[in-house]
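# Summary of structural features
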Amino acid sequence: MVNLSKSFTPAAIFLGLFIFFFSVGIFLKKNSKAIYQNWLFIGSLPTIIRNSKRLLKGVNGIFISLDGRGSFFINGPIFSKLKYFVTCHPKNIEYILKTDFDNFPKGPDFMQIFDPLGDGILTVDSDAWKVLRRMAHTAFIASEFKDLLSNMSRKIAEEQLVPLLAHVAETGSIIDLQEVCARFTFDVNMNAAFGVHENYLSTELPSNDFAEATEQVQKALLYRHILPMFLWKLMRVFNIGWEKETTKALKIIDAHIYQLISQKRSDLFQGIKSFDLLSSHIKTQAQMVSTNISSLPTKNDDKFLRDTMFSLFLAGKDALASGLIWFFWLVSKTPAAEAKIFEELKVLYSSKKREPPQETHGWPYVFDARDLSELIYLHAAICESLRLYPPVPLNSKTVLKEVVLPDGSLVKPGMQIIISSYAVGRMSWIWGEDCRKFKPERWIDDDGRLIRHENMSKFVTFNLGPRTCLGKDMAFTQIKAVAAAILFNFHVEVLGGQVIVPKPAITLHMENGLKVKLRKRVIC
Ligand code: HEM
């Protein structure tokens, strides 16, 4: 079994500062009864650092103790800019993400933390974002792109995923399903973004420099969120710790992406047709430049394409892998839900079997993603798992103008707003007393139709408003394809005794992976 998560050691400078700040904090403790501790001078830095591994549960615990208030403030050190307003209140969230959208940009600090992504769609605000959003939207809604996605997910499931899992089942070995999902989404997103097939998911579980460099960058992004900016910038200047590793990783990433752009330009020049996101962006960029529609970020240079494509690639890859792994875990713990998903797939399988011309439907059977789009219970189960384990559990915004939010909280310029989608799904006053239960039925009405909580502010997994996730349809297509390929062909047995906890990261992964054994299913 390959384990991609290499250990990550914070630099000594960080430890030294932490011990110093923590001791001073004990001495100057302001309010020992506070649920979360705010220390004079150093604010909540020790608490944040100490709890960084359990940040989500910690924040969730605070919300539970606030008994329906849904918001709280938390201070950073006075010498830093860390002043947070944390909320899971649906009305606040709707106001911030939708109603008063322009007042809550991501802000310059976000851009600095995420500078490995350059001026891509995930980092920029205002006019620059609008141009990128338009370009990406054009690419995502193209029917050729949608076809590319369903054909490719079927191909990867048929030629890589199922053969790998069949091998695991035959040999009786144990596999980390989280790693399998990560490799699947890497291949899918390389195809979708760049139109290339890396074969990262294959029986040999090969290494891949680009995949590993990407993972390194994501780790750095997490620590940049936790530490004061001056500290990680200092580490970058002195080229130490994870900043040193990040610089190395970025060289690998840049070299690979620039090579892919150059190859794509040459293919397009030769008239070779492709419908991936890079091809679409190269074409739109050329049109915009030639018609002078906008000179903003659409300069005809490769740096623009590098930033755009790396951002799109990252936006999809990790969220998708995270969505998949929590889904499998929740389903494995809920046999009744698993049985209903299987029954639904069996009905679909039988209807396909009757269709002329007869195909050879022996084991394994891989569904066409387009056929899966109508399955109600599967869709509901995916929504339910995304509610409990939103792949992007925290979202941050800044404040331009002082404003009173719907719950009465006053937020001021300079404050950082943290929206906890993780907590939204776990509050009884939002989702009812059984909010912690995995219950796909809550998404289905009495007539057996899907309830579209997706459009309401209590389901913020894909964001709300103008910056709603552009890959939502793609996410459902891919999760359904993998769920059907695995659950229809295999019994998944999650090994007992595993500690399943979220890993500290920007996206919600499992700290220790998910070790499983597989058995072939008999389909009759
Ligand atoms: C289960 C899977 C996914 C979830 C839960 C998810 C969730 C989100 C969330 C919460 C945001 C807002 C982030 C922010 O404002 O900082 C976002 C933005 C975005 N997502 Fe997804 N995402 C998923 C999959 C995908 C996929 C497969 C793609 C395809 C590339 C994608 C593309 C994007 C893009 C381009 C944005 C930026 C939108 C903008 O700022 O205008 N996402 N997503």
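Taking an unreviewed UniProt entry as the reference, the chain is identified by name as Cytochrome P450 belonging to Papaver somniferum.

### Side note on the overall build of the chain
Helix and strand content of the chain: 19 helices and eleven strands. The buried share of the chain, taken over its 524 residues, is 54%. Within the chain, contacts between residues at least 6 apart in sequence are counted, and of these 73% link residues at least 24 apart. Here the chain displays about 23,000 Å² of accessible surface, and carbon together with sulfur accounts for 57% of that area.

### Examining the nonpolar core
Soluble globular proteins: nonpolar side chains tend toward being buried together. In terms of nonpolar packing, the biggest core is built from 156 residues, with Leu161, Leu177 and Phe327 touching the most fellow members. Among the elements that line this core, the one with the most residues is helix 13 (residues 302-333), at 16 residues. Look past the residues within four positions of Leu161 in its chain and what remains in contact with it is Ile156, Val180, Phe184, Leu201, Val482, Ala485 and Ile486.

### As for the pattern of salt bridges
Oppositely charged side chains can form a pair if their charged atoms are brought close together. Applying the stated criterion to the full structure yields 28 salt bridges. With a shortest N-O distance of 3.4 Å, Arg449 and Asp447 are connected by a salt bridge. Each of the two residues, Arg449 as well as Asp447, counts as exposed. In the salt-bridge network here, residues are joined through shared partners; they are Asp147, Arg154, Glu158, Asp368 and Arg370.

### What about the confidence of the model for the chain?
Mean pLDDT over the chain stands at 85; residues scoring 70 or higher make up 84%. Low pLDDT (under 50) marks residues 1-43, which in the prediction has 74 contacts with non-local residues, meaning those over four places away or in another chain. Reported confidences for the modelled complex are a pTM of 0.88 and an ipTM of 0.98.

### Details of the packing of helix 13 against helix 19 (residues 472-489)
Two elements in contact, helix 13 and helix 19, have axes separated by 10 Å at closest approach and are oriented at 40 degrees. With respect to helix 19, the element helix 13 is oriented oblique. The handedness of the crossing between helix 13 and helix 19 is right-handed. Residue-level contacts link Leu320, Gly323, Leu324, Phe327, Phe328 and Val331 of helix 13 to Ala475, Gln478, Ile479, Val482, Ala483, Ile486 and Leu487 of helix 19. Broken down by class, the residue content of the contact of helix 13 with helix 19 amounts to eleven nonpolar, two polar and no charged.

### Concerning the sheet that holds strand 7 (residues 416-420)
Reading across from one edge, 1-2-7-4 is the order of the four strands in this open sheet, with mixed pairing throughout. Each edge of the sheet is formed by a strand with only one pairing partner; in this case those strands are strand 1 (71-75) and strand 4 (394-398). In this sheet, adjacent strand axes meet at a mean angle of 25 degrees when their direction is disregarded. In this sheet, strand 7 lies alongside strand 4 in antiparallel orientation, the contact comprising five bridges. The residue of strand 7 that forms the bridge with Thr398 is Gln416.

### Regarding the site of the ligand
Surveying the vicinity of the ligand reveals 23 residues, the closest of which are Lys106, Trp129, Arg133, Arg467 and Cys469. Note that an oxygen atom of the ligand is positioned 2.5 Å from one of the side-chain N or O atoms of Lys106. Going through the elements one at a time, helix 6 (126-141), helix 13 and helix 19 are the ones with two or more residues in the shell around the ligand. The class makeup of the residues in the shell around the ligand is 15 nonpolar, five polar and three charged.

### Focus: the UniProt feature "transmembrane region" (unreviewed entry) in the chain
As annotated by UniProt and renumbered to match this structure, "transmembrane region" (unreviewed entry) occupies residues 12-28 and 309-331. Helix makes up 100% of residues 309-331 and strand 0%, whereas the separation of the span's terminal C-alpha atoms amounts to 33 Å.

### Describing a nonpolar patch on the surface
A cluster of nonpolar residues, Phe230, Leu234, Val237, Phe238 and Ile240, forms a patch on the protein surface that exposes about 470 Å² of accessible area. Structurally, the position occupied by Phe230 is in helix 10 (residues 229-237). For Phe230, a relative accessible area of 40% translates into the label partly exposed.

### Topic: the coordination of the iron atom of the ligand
As a benchmark, a tetrahedral metal site with four donors has ideal angles of 109.5 degrees, while an octahedral site with six donors has ideal angles of 90 or 180 degrees. Coordination of the iron atom of the ligand by the protein comes from a single atom, Cys469 (SG), at 2.3 Å. Within the fold, Cys469 resides in the loop between helix 18 (428-431) and helix 19.

### Digging into the sheet that holds strand 3 (residues 175-176)
One open sheet holds the three strands; their spatial order is 3-11-8, and the pairing between them is antiparallel. In the strand order of this sheet, the two ends are held by strand 3 and strand 8 (490-494), each with one partner. Two elements, strand 3 and strand 11 (residues 515-520), share two bridges in a ladder whose sense is antiparallel. Note that in strand 11 the partner of Asp176 across the bridge is Lys515. Packing of helix 7 (residues 143-171) onto the sheet brings it into contact with strand 3, strand 8 and strand 11, and relative to strand 11 it is tilted by some 90 degrees.

### Brief notes about the packing of aromatic side chains
Considering all chains together, one arrives at 26 aromatic pairs under this definition. Relative to Phe488, the ring of Tyr365 has its centre 6.3 Å away and its plane inclined at 75 degrees; by these criteria the two rings are edge-to-face. Pair noted here: Tyr365 is in the loop between helix 14 (335-354) and helix 15 (369-372) and Phe488 is in helix 19, with a separation of 123 residues, a long-range link. With respect to burial, Tyr365 and Phe488 carry one shared label: buried. Here a set of aromatic residues connected by ring pairs shows up, and it is made of Phe186, Phe194, Tyr200, Phe210 and Phe313. If you follow Arg224 out to its NZ or CZ, it ends over the ring of Trp232, 4.1 Å from the centre. Cation over ring: Arg521 sits above Phe342, and NZ or CZ is 4.1 Å from the ring centre.

About the cut-offs
- Residues numbered from 1 in each chain as written.
- Predicted model: local features only at pLDDT ≥ 70, side-chain atom pairs only at ≥ 80, totals over all residues.
- Heavy atoms only, no water.
- Helix = DSSP H or I, 4+ residues; strand = E, 2+ residues; numbered from the N terminus.
- Buried < 20%, exposed > 50% of the residue type's maximum accessible area, 1.4 Å probe, protein only.
- Contact = heavy atoms within 4.5 Å.
- Areas by Shrake-Rupley, 256 points an atom, 1.4 Å probe, with all protein chains shown as cover.
- Core = buried A, V, L, I, M, F, W, Y, C linked by side-chain atoms within 4.5 Å.
- Salt bridge = Lys/Arg side-chain N within 4 Å of Asp/Glu carboxyl O.
- pLDDT = per-residue confidence, 0-100.
- Axes fitted to C-alpha atoms, helices over the stretch in contact; angles between N-to-C directions.
- Parallel < 35°, antiparallel > 145°, perpendicular 65-115°, else oblique.
- Left-handed = near helix turned anticlockwise from the far one by under 90°.
- Nonpolar A, V, L, I, M, F, W, Y, C, P; charged D, E, K, R; others polar.
- Pairing = 2+ DSSP bridges.
- Near = heavy atom within 4 Å.
- Polar contact = N/O pair within 3.5 Å; in protein donor to acceptor, adjacent residues only side chain to side chain.
- UniProt positions renumbered as here; feature names shortened; annotations may be inferred.
- Patch = residues over 30% accessible without salt bridge, like charges linked within 9 Å, V, L, I, M, F, W, Y side chains within 5 Å.
- Donors = N, O, S within 2.8 Å, 3.2 Å for Na, K, Ca; no water.
- Phe/Tyr/Trp six-rings, centres within 6.5 Å; stacked < 30°, edge-to-face > 60°.
- Lys NZ or Arg CZ within 6 Å of the ring centre and 35° of its normal.

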